[in-house]
Amino acid sequence: MKRLPALIAAMLMLGSCALPVLPAGEDSSQETSYRAGEYRGVAQGYAGELTAFVTLTDSHIDAIRVPDCPETEGIGSVAVEQLPGLIVANQTFAVDVVAGATATSRALIEAAKQAVSASGADPAPLLEPPAQPVRPSLRAEVHEADLIVVGAGGAGLTAALAAAQSGPELRIVLLEKNAAPGGNTLLAGGGINAAASAVQQKAGVEDGFEEMLSDSLAVSGAQEGGLLETLAGDSAAVIDWLAEAGMPLEQLAQLPGSSAERAHLPENAEPVGKFLIDGLTGAVRRAGVEILCGTRASELLTDEEGRISGVIAESPGVRHLYTGGAVILATGGFAANDKLCGSYHTLLRGLDTVSSAAAQGDGIAMAQELGAATADMAEIVIEPTVHRGSGLIVPRALREGGALLVNRSGERFADELADDAKLSEALLAQPGRCGWLIFGEGLLHLLPSALEERVLSGAGPEKLSRAAGLPAETLEETISDRNAELPEAADEDGNEPHPARLEGELYALEVAPGVKTTLGGLAITPEAEVLGAAGEPIPGLYAAGEVTGGVHGAAALPGNELTGLLVFGRRAGQNAAGWLSAQEERQENSDV
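Residues numbered from 1 in each chain as written. Predicted model: local features only at pLDDT ≥ 70, side-chain atom pairs only at ≥ 80, totals over all residues. Heavy atoms only, no water.

S.K.: Can you lay out the packing of helix H4 (residues 154–166) against helix H8 (residues 272–286) for me, pointing to particular residues and giving the numbers?
M.R.: At their nearest, the axes of H4 and H8 sit 9 Å apart, and the two run at 30° to each other. Considering how the two elements wind past one another, H4 and H8 form a crossing that is left-handed. Only Ile 277, Leu 280, Thr 281, Ala 283 and Val 284 of H8 make contact with H4, whose side of the interface consists of Gly 154, Leu 157, Thr 158, Ala 160 and Leu 161. Taken together, the residues of the contact of H4 with H8 sort by class into seven nonpolar, three polar and no charged. (Axes fitted to C-alpha atoms, helices over the stretch in contact; angles between N-to-C directions. Helix = DSSP H or I, 4+ residues; strand = E, 2+ residues; numbered from the N terminus. Left-handed = near helix turned anticlockwise from the far one by under 90°. Contact = heavy atoms within 4.5 Å. Nonpolar A, V, L, I, M, F, W, Y, C, P; charged D, E, K, R; others polar.)

What follows is the structure, encoded as structure tokens:
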């Protein structure tokens, strides 16, 4: 924790020690000869095959182009835009991946390596970092703001918009370490829970605060409502608020655990996460909020009275000091921080995550430096069947349809429909801490398109066992036993074969548990104020979204996580604006 005056002096000193810019091509430590021309390489990205064309001169990489990008717009597409220039400038594949787009970054680098290999050259020299990498000079910049929001996922965008609406005169900056807004919210499906909303009333759905709270408590394991009461109580209001901001959610669905149709969705069947991020980003920009991507916050500052006074952040080549009277943390959870997750549950060490790679717990750590309290840090949600190699979730629908789960010995070892925690525990107890999902053509339609190219197949148990490296005799016996449990046909007339029967062409995916999300984080009040260790709010510090804990308990009712980030993001923005107004009034009165 640094005090503001000393920090400004330190930053100004830093600005006088800037490193010189090294022009591209001056690093001659690696002398490599190539056969001039353009060459093609292909690698598997996050959403599909990524093709890179590399132009070589006789001495260096001249250009890299990716004509078609199959990756997620605003995430993987950013890596495709940024990495080619970085590789060419440094003449090496040993460059940093783009935050939040790790899979795409690695795929582009791999495709470029293959292209170099296709020229007949050895790409090995290009795997070493240059002795003098091209990098911008490091300089210091000081910026004035009233409110700094850290994290441009759903919670941060919501908070920024609510603050701008409550205080149109405020100077608000929104810092995002990734290359584009979105965070985990961009990947969200499902819906947004709300009770007694105008949409429900119009559709004749009977639902209310008590019903939503009861359903939420039943899943969370908590005895008292606490912050869940705030979530349920404000839920209908945030649906109205989104509609007023140009994001109507007119469709309804009933998600698991809910006693009514209370999940709200966009009418055009667009994934709700992308719908929110696109709508909120546009609304925030129209409200005059400055969104700064590629800018990582690293430290919170306070004044002599312990009130928030600013944020230190870094972007390529620049260290920033943002002065401001309030900060809202919306930096996400820590599902991608293997060390931190493993410190609460040793079984989780080494697991993949289906969360954004940016979910490192940055905001939690920054606030803890100020003495912030945490809640429910051990509540970590595990997804039992994550495809090994891609980190993609293999949907539960495949297991519900009748897919068979076997271990590396080809033996069935668990009930495929066990709850996520029990199935994850069973998988982690197997050799290699993994298993194989086996299914037939009748279930192939349940497989997401992103997994279609990753599935192994074989005509019958013997050929499938060869493809997957499983013992043929044991697998054949396990499949035979499974088929004996199932009827031969899906209907009484025998017209349709039972979809789960393992006959004909068979398919397999290697799966293992992965960390899905974290429910623990900073302890907050119903007004989204961050609490200190003594139980009192830290003046000027607010938080919302996955960076917070104590909202959902041991598990979140499906649809509640998006509701929570909206409810507490909105409250954080409104209350931060109110705090700043009160501080200004206090200052004016003291000057009289």
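S.K.: An account of the packing of aromatic side chains is requested, with residue identities and associated values reported.
M.R.: Applying the stated criterion across every chain, the model contains two aromatic pairs. Each ring, one from Phe 439 and one from Tyr 507, has its centre 5.9 Å from the other, and the planes form 20°; the classification is stacked. Here Phe 439 is found in strand S20 (residues 435–440), whereas its partner Tyr 507 is found in strand S22 (residues 505–518), with 68 residues between them in sequence. Exposure class is identical for Phe 439 and Tyr 507. Each is buried. Lying across the ring of Phe 53, Arg 65 places its NZ or CZ 4.5 Å from the centre. (Phe/Tyr/Trp six-rings, centres within 6.5 Å; stacked < 30°, edge-to-face > 60°. Buried < 20%, exposed > 50% of the residue type's maximum accessible area, 1.4 Å probe, protein only. Lys NZ or Arg CZ within 6 Å of the ring centre and 35° of its normal.)

S.K.: Account for the sheet that holds strand S8 (residues 192–193), with residues named and values stated.
M.R.: Here three strands make up an open sheet; going across it, the order is S8-S10-S9 and the pairing antiparallel. Across the chains shown, the open sheet's two edge strands, defined by having one partner strand only, are S8 and strand S9 (251–253). As paired elements, S8 and strand S10 (residues 263–265) share two bridges and run antiparallel to each other. Bridge pairing in S10 links Asn 193 to Ala 263. (Pairing = 2+ DSSP bridges.)

S.K.: Which residues make up the environment of Ala 101, and what are the values?
M.R.: Looking at where Ala 101 falls in the secondary structure, it is placed in the loop between helix H2 (76–90) and helix H3 (102–118). Relative accessible area serves as the criterion here: at 5%, Ala 101 is assigned to the buried category. For the pair Ala 101 and Ala 358, spaced 257 residues apart in sequence, the C-alpha to C-alpha distance is 9.0 Å. Dropping the residues within four chain positions of it, Ala 101 is found in contact with Ile 75, Gly 76 and Ala 79.

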